[in-house]
Amino acid sequence: MTTETAEFLSEQRHAILQAAAAALARAHVRHYESAGPEEVTRRLDALYDHVLSALATQNLGAMIGYAEEVAEDRFDARYDLQEVQGAFNALEEAIWARALAQIEPSRLGETLGLVTTILGSGKDALARRYVSLAAGAHAPSLDLRSLFAGTDGVTAGDPQP
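Everything numeric in this text was worked out from a predicted model, so none of it was measured. (Residues numbered from 1 in each chain as written. Predicted model: local features only at pLDDT ≥ 70, side-chain atom pairs only at ≥ 80, totals over all residues. Heavy atoms only, no water.)

Undergrad: Is there a simple way to think about the environment of Ala-21 in this case?
TA: Relative to the assigned elements, Ala-21 resides in helix α2 (residues 13-27). Residues Ala-21 and Ala-94, 73 residues apart in the sequence, show an inter-C-alpha distance of 9.2 Å. Here Ala-21 is in contact with Thr-41 and Leu-44, once residues within four sequence places are set aside. (Helix = DSSP H or I, 4+ residues; strand = E, 2+ residues; numbered from the N terminus. Contact = heavy atoms within 4.5 Å.)

Written out as structure tokens, the structure is:
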């Protein structure tokens, strides 16, 4: 089944990448818009290569390493985590849509399971690395104290006025 999934993804590559790029364009994600369509396509293409590689090798190591690299690059470029995960999600959704339209139902579960596992491992590694970098930089978006503030706006543990 892995071989069949890899063949399907290879055959449908162009259509899937076009759909993923179009989804990102419709989302109007600031950093991806400024990168331009050619760069977005290049990045999606690289991610797609890692999906195919994981299928071929039946090993998630390269995907995880790539996702961690992407997290570092995008963190340094000041992308929001949501923006970067959006690219992974756009590719996954494009694959799902194409698979649902093209693959017979009896083969669909395993194909979608493989794709979801591969991209899910990438998204998990991406998020863990990004959050680790953000925590080290003391990013304000990770300051969770506001979740524990009372209705008067005072955070638990803060000195009272």
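Undergrad: Just checking my understanding: could you explain the nonpolar core for this structure?
TA: In terms of nonpolar packing, the biggest core is built from 43 residues, with Leu-9, Leu-44, Tyr-48, Leu-91, Ile-95, Leu-119 and Leu-126 touching the most fellow members. Excluding anything up to four places from it in sequence, Leu-44 contacts Leu-17, Ala-20, Ala-21, Leu-24, Ala-87 and Leu-91. (Core = buried A, V, L, I, M, F, W, Y, C linked by side-chain atoms within 4.5 Å. Buried < 20%, exposed > 50% of the residue type's maximum accessible area, 1.4 Å probe, protein only.)

Undergrad: Looking at this structure, how should I read helix α1 (residues 2-11)?
TA: For an α-helix the count is 3.6 residues per turn, leaving residues at separations of three or four pointing the same way. All of the buried residues along α1 are Thr-2, Thr-5, Phe-8 and Leu-9. All buried residues of α1 fall inside an arc of 125° around its axis, so they share one side. Exposed and facing more than 90 degrees away from the buried side of α1 are Thr-3 and Glu-11. Of the surrounding elements, those touching the buried residues of α1 are α2, α4 (37-57), α6 (81-102) and α7 (105-136). (Arc of directions from axis to C-beta.)

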